[in-house]
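Structure at a glance
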Amino acid sequence: MTTTVTAKGQVTIPKRVRDLLGIVPGSKVDFHRAADGTVVLTRADKKQPASRFAKLRGHAGKGTRYRLHFGPHPWRSMTFIDTNVLLDVVTNNDNWADWSIAQLEAASLNGPLLINDLVYAELSARYDRVEGLEVFLEEAGLEMTPIPRAALFLAGKVFTQYRRAGGSRTGVLPDFFIGAHAAVSQLPLLTRNIGRYGTYFPTLSLITPHP
């Protein structure tokens, strides 16, 4: 994330950083040198406010109601978000909410966070009303993007490969639509399940809990 120094030696703190640190007009900030020589910006009061993702813990209620199956590019700063990561947040998953929130915060500093229709549909199972889901998307800063035809075609081809390998499901799996969308768009996919993504989309860049 780059900003320009003015002739007076001033810089504008990028909005994503201000949002993350809770910096508002009148806030005092400190600059200090870290052990590795980098200069770090912090709030002078040393407080670490809850991020927009942390504030959405349990947004859809606790637990799950159903089981989910889990080269250079101009969009390289965007990140595609898998359903399981968002469910961790809205259900305040005991084991994974902290990891998912931290990864969403990190990804949001790099650029927009994207989901598609499949992710939206899977999330909707956690909400009784569409208004609740729309509030979550807005407050989390998630952007909807339609699935391109190239991704739909790839999802079908991957499903054919899955069936030939002995897969028993008779319909194209949600993971294939999500993985194909991220792969065709050359976007990293934030997920905590490697599973089918690693098997059927070998070129896909995955952000997961496991190296």
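1. Things to note about the packing of helix H2 (residues 83-90) against helix H4 (residues 117-124)
Axis separation between H2 and H4 bottoms out at 10 Å; the angle between their running directions is 35 degrees. Crossing hand, H2 versus H4: right-handed. Only Val-119, Glu-122 and Leu-123 of H4 make contact with H2, whose side of the interface consists of Thr-83, Leu-86 and Leu-87.

2. Brief notes about unusual backbone geometry
The backbone phi angle of Asn-92 is positive, close to 50 degrees, even though this residue is not glycine. Locating Asn-92 in the fold gives a position in the loop between H2 and helix H3 (97-110). Assessed through its relative accessible area of 27%, Asn-92 is described here as partly exposed. The residue Gln-186 is not glycine, and still its phi comes out positive at about 55 degrees. You can see Gln-186 is positioned in the loop between helix H7 (174-185) and strand S6 (189-190). The class of Gln-186 is partly exposed, set by a relative accessible area of 42%.

3. Observations concerning the nonpolar core
Counting residues in hydrophobic clusters, the biggest one holds 45 residues, and the most contacted among them are Ile-81, Leu-86, Leu-104, Phe-136, Leu-142, Phe-176 and Phe-201. If one sorts the elements of this core by residue count, H7 sits on top with six residues. In contact with Phe-136, other than residues within four places in its own chain, are Leu-56, His-59, Leu-86, Val-90, Leu-123, Tyr-127 and Leu-142.

4. Quick word on the packing of aromatic side chains
The tally for this structure, following the rule as stated, stands at five aromatic pairs. Ring centres 6.1 Å apart and planes at 85 degrees place the aromatic pair Trp-96 and Trp-99 in the edge-to-face group. What makes Trp-96 partly exposed here is its relative accessible area of 25%. One aromatic cluster is present, built from ring pairs that chain together Phe-159, Tyr-162, Phe-176 and Tyr-200.

5. As for H4
Among the residues of H4, Val-119, Tyr-120, Glu-122 and Leu-123 are the ones counted as buried. Within H4, the buried residues cover an arc of 165 degrees as seen down the axis, which keeps them to one side. In the core, the buried residues of H4 are packed alongside strand S3 (79-81), H2, strand S4 (113-115), helix H5 (130-140), strand S5 (142-144) and H7.

6. Describing the confidence of the model for the protein chain
Here the protein chain averages 86 in pLDDT, and 91% of its residues register 70 or above. Counted against residues more than four places away or in other chains, residues 64-76, with its pLDDT under 50, gives 26 contacts.

7. Description of the pattern of salt bridges
Throughout the structure, instances matching the rule amount to four salt bridges. Salt-bridge contacts for Asp-88 lead to Arg-192; the nearest nitrogen and oxygen are separated by 2.7 Å. Of the two residues, Asp-88 sits in helix H2 while Arg-192 sits in the loop between S6 and helix H8 (195-200), which places them 104 residues apart along the sequence. The burial state of Asp-88 is the same as that of Arg-192; both residues are buried. The closest approach of N and O atoms between Glu-131 and Arg-129, which form a salt bridge, is 3.3 Å. Exposure remark for Arg-129: the relative accessible area of 57% places this residue in the exposed category.

8. Focus on the sheet that holds S4
As summarised here, the arrangement of the five strands in space is S5-S4-S3-S6-S7, forming an open sheet in which the pairing is parallel. Lying at the two open borders of the sheet, with one neighbouring strand each, are S5 and strand S7 (206-207). Relative to S7, S6 is paired through two bridges, and the arrangement is parallel. Across the sheet, Leu-190 pairs through a bridge with Ile-207, a residue of S7.

9. Focus: the side chain of Thr-208
In this fold, Thr-208 is placed in the segment after S7. Thr-208 sits in the buried class, given a relative accessible area of 15%. Residues in contact with Thr-208, not counting those within four places in the same chain, are Trp-99, Thr-191 and Ile-194.

10. Let's talk about helix H6 (residues 149-164)
Along an α-helix, residues three or four positions apart point the same way, because every turn accommodates 3.6 residues. In this model, H6 (16 residues) spans 23 Å end to end at C-alpha, consistent with the 22 Å of a helix rising 1.5 Å per residue. Where H6 is concerned, the buried positions are Ala-151, Ala-155, Val-158, Phe-159 and Tyr-162. An end-on view of H6 places all buried positions within 105 degrees of arc, on one side of the element. In this structure, H6 carries Arg-149, Phe-153 and Arg-164 as exposed residues pointing more than 90 degrees from its buried face. On the buried face of H6, the contacting elements are H7 and H8.

About the criteria used
- Residues numbered from 1 in each chain as written.
- Predicted model: local features only at pLDDT ≥ 70, side-chain atom pairs only at ≥ 80, totals over all residues.
- Heavy atoms only, no water.
- Axes fitted to C-alpha atoms, helices over the stretch in contact; angles between N-to-C directions.
- Helix = DSSP H or I, 4+ residues; strand = E, 2+ residues; numbered from the N terminus.
- Left-handed = near helix turned anticlockwise from the far one by under 90°.
- Contact = heavy atoms within 4.5 Å.
- Buried < 20%, exposed > 50% of the residue type's maximum accessible area, 1.4 Å probe, protein only.
- Core = buried A, V, L, I, M, F, W, Y, C linked by side-chain atoms within 4.5 Å.
- Phe/Tyr/Trp six-rings, centres within 6.5 Å; stacked < 30°, edge-to-face > 60°.
- Arc of directions from axis to C-beta.
- pLDDT = per-residue confidence, 0-100.
- Salt bridge = Lys/Arg side-chain N within 4 Å of Asp/Glu carboxyl O.
- Pairing = 2+ DSSP bridges.
- Expected span 1.5 Å × (residues − 1).

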